[in-house]
Amino acid sequence: MNPTFYPLLDALRRTGVDPAAIDQAVKEVERSGRTIRDVLINDHVVTETELTKAAAEAFGFAHAEIIDFDIDDETLSKVPLSVVLRHRVIGLAITNNELTLGITDPADVMAIDDVRAATGMVIRPIVVPRSEVRKVIEKLQREGADIGAFTFDDDEEESSEQLVQTEEDAPVVRYVNSLIEQAIQNRASDLHLEPTEHEMRVRYRIDGVLKELDTVPRNVQASLISRIKIMSNIDITERRVPQNGRVTVKIGRRSVDLRAATLPTVFGEKVVLRVLDTGGVELDINKLGFSEHNFDRYGRAFAKPHGMTLVTGPTGSGKSTTLYATLMAISEPSINIITVEDPVEYRLPGINQVQVNHKAGMTFAKVLPAILRSDPDVVLIGEIRDADTAQLAVEAALTGHLVLSTLHTNDAPGAITRLIEMGIEPFLVGSSVDCVLAQRLARKLCDWCKKEYAPSDEDLAALDWPLELLPRPETLWRPGACKSCSATGYRGRMALHEVMPVSQEIESLAVRRASASEIREVALAQGLRTLRVDGLAKSAAGVTSPQEVLRVAI
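Rules behind the numbers
Residues numbered from 1 in each chain as written. Predicted model: local features only at pLDDT ≥ 70, side-chain atom pairs only at ≥ 80, totals over all residues. Heavy atoms only, no water. UniProt positions renumbered as here; feature names shortened; annotations may be inferred. Helix = DSSP H or I, 4+ residues; strand = E, 2+ residues; numbered from the N terminus. Expected span 1.5 Å × (residues − 1). Buried < 20%, exposed > 50% of the residue type's maximum accessible area, 1.4 Å probe, protein only. Pairing = 2+ DSSP bridges. Axes fitted to C-alpha atoms, helices over the stretch in contact; angles between N-to-C directions. Contact = heavy atoms within 4.5 Å. Phe/Tyr/Trp six-rings, centres within 6.5 Å; stacked < 30°, edge-to-face > 60°.

What about the UniProt feature "domain: Bacterial type II secretion system protein E" (unreviewed entry) in the protein chain?
1) Next: As annotated in UniProt, the feature "domain: Bacterial type II secretion system protein E" (unreviewed entry) corresponds to residues 372-386 in the numbering used here.
2) Next: End C-alpha atoms of residues 372-386 are separated by 18 Å, and the span's content is 7% helix alongside 27% strand.

So, helix α4 (residues 48-59)
1) Next: Counted at 1.5 Å a residue, the expected span for α4 with its 12 residues is 16 Å, and the 17 Å between its end C-alpha atoms agrees.
2) Next: Those residues of α4 that sit buried are Glu48, Leu51, Thr52, Ala54, Ala55 and Ala56.
3) Next: Following α4 by one or two positions, Gly60 has its phi on the positive side, about 75°.

Some points on the sheet that holds strand β6 (residues 199-206)
1) Next: Pairing in this open sheet of 6 strands is antiparallel, and the strands run β7-β6-β5-β10-β9-β8 from one edge to the other. Taken across any chain shown, the strands that pair with only one partner, and hence form the sheet edges, are β7 (209-217) and β8 (243-251). Adjacent strand axes in the sheet meet at a mean angle of 20°, parallel and antiparallel pairs treated alike.
2) Next: Pairing analysis gives 9 bridges linking β8 to strand β9 (residues 254-265), with the strands arranged antiparallel. From the neighbouring strand, Gln243 faces β9, where its bridge partner is Thr262.
3) Next: Packed onto the sheet, helix α10 (residues 171-185) meets β5 (188-195), β6, β7, β8, β9 and β10 (268-276) and runs at close to 25° relative to β6.
4) Next: Of the strands in this sheet, β5, β6, β7, β8, β9 and β10 are in contact with helix α11 (residues 221-231), which crosses β10 at around 40°.

Notes on the packing of aromatic side chains
Centre distance and the angle of the planes are the two values used to describe a pair of aromatic rings.
1) Next: On inspection of all chains with the given rule, the structure shows 3 aromatic pairs.
2) Next: Taken together, a centroid distance of 5.8 Å and an interplanar angle of 65° make the contact between Phe290 and Phe295 edge-to-face.
3) Next: The exposure class assigned to Phe290 is buried, which follows from its relative accessible area of 15%.
4) Next: Ring geometry for Tyr298 versus Phe302: centroids 5.2 Å apart, planes at 65°, classification edge-to-face. Of the two residues, Tyr298 and Phe302 both sit in helix α12 (residues 292-302), 4 residues apart, roughly one turn of that helix. This pair shows no difference in class: Tyr298 is buried, exactly as Phe302 is.

Some thoughts on the pairing of strand β16 (residues 433-445)
1) Next: Counting buried positions over the 13 residues of β16 gives 11, a clear majority of the element.
2) Next: Looking at chain direction, strand β11 (residues 307-312) and β16 are connected through 5 bridges and run parallel. Paired with Val311 across the strands is Leu437, a residue of β16.
3) Next: Pairing geometry for β16 and strand β19 (residues 490-501), over 10 bridges, is antiparallel. The partner of Ala438 across the bridge, within β19, is Glu498.

Pasting the structure below:
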């Protein structure tokens, strides 16, 4: 559950709401994926008025009913449509240069900043019930105000020609643009538009955790999806199969690439926009958070003139960033580096980058032979997905090339068995792979509000603290809540690493097709520090919390 709701739940307990009912609501959120607001109100734990008062108390705001204000057209028009829909806010009154602003989510610190920037006025926020804000918007729609253009009467039948001709100031276009701009400003890695039975849910993934941003009416769904498809050069008439596309947007003076993926669901098409913003990406390998122990083991591998180094982990675990930083560390004019990727995420100076094109038949397996004929010293393969690509990568490593690639496995020892399962001869796997690096991304504690505490013996026992590897910590840290981190307690992410050099003993295990658990036992005896141990060491240093480490590493 989103950590911003914990102050709200504490406030509800203080007002006398049954703690057992609140605990049951939290369990329902974790079980069903429903929002805490939906569970509390629709399951009759609290009324909306009680929830509004508790939210105001939790974050130190005043609260009111919209009916208490005589809202005129000038006040309503002060707050731009995109901000109203994005943050669920409404202008209530203007006194001199002060705007009284009705807000529905006091944890949304960007709301007040966005309204202040848009209006140039002093903002006095007041928490109001969300249903009342929705009623104001519906009233404007009935009266034919500009916001009413956001609803279409017959969304399913709207033609592609009409959508292509949509003006740049049309509400749907402005709303999509504002969603994308907000995602980039909030450092989101993904933007999800998810249809449900009655509405469409909009969520951002920030620092690896999804956060609900908005819900929009179901009758707007087709128009939003079609707009994104047009931007991404995707066929808007095809709704039955998944599709992929790409779009470049300009935010200020910089360009940001977005990858779009559609997925048909029972309630309509879901769209995910992956933000490929290289502006804030750190490609200095010395700044990727390696411990001295792990960097020494990994550095010896990519310093070799040949052999294969694999980086493993799930999607979104920072594998590409690590490989790019590795390339930048070894890149120099005397070395020919060629990459083959799907897609090329970061443009790197002095490096030859090739993008696969499945429609044209340019797959990893088809491109690799051509690359090997181009006299490379170092080859980066975006991902080893099949036996053909794996075989070519192994052959390249055995014929004098340094090969870098990624693989989807849970840990470093699993990479050896995965290649063998793909059909690569075990003796080739053992002799070609020099090192495997497994990694995960964990959220970093916010430096402004993190709180230190002295862990008890019970705390360390619950964490299963590895006292044989790490000294007993005198101090650990837990997340706080402040404006800088949007009351989440975390800001930014860091990598946890597990580095396994392939020794002669591990090579022998590969040849006799040993299991991943057998390989792991030998690797641990040879100094492997697991993802969990690396994470707990970083929690002892105050970079992250132990709970966050346990969330991402077993």
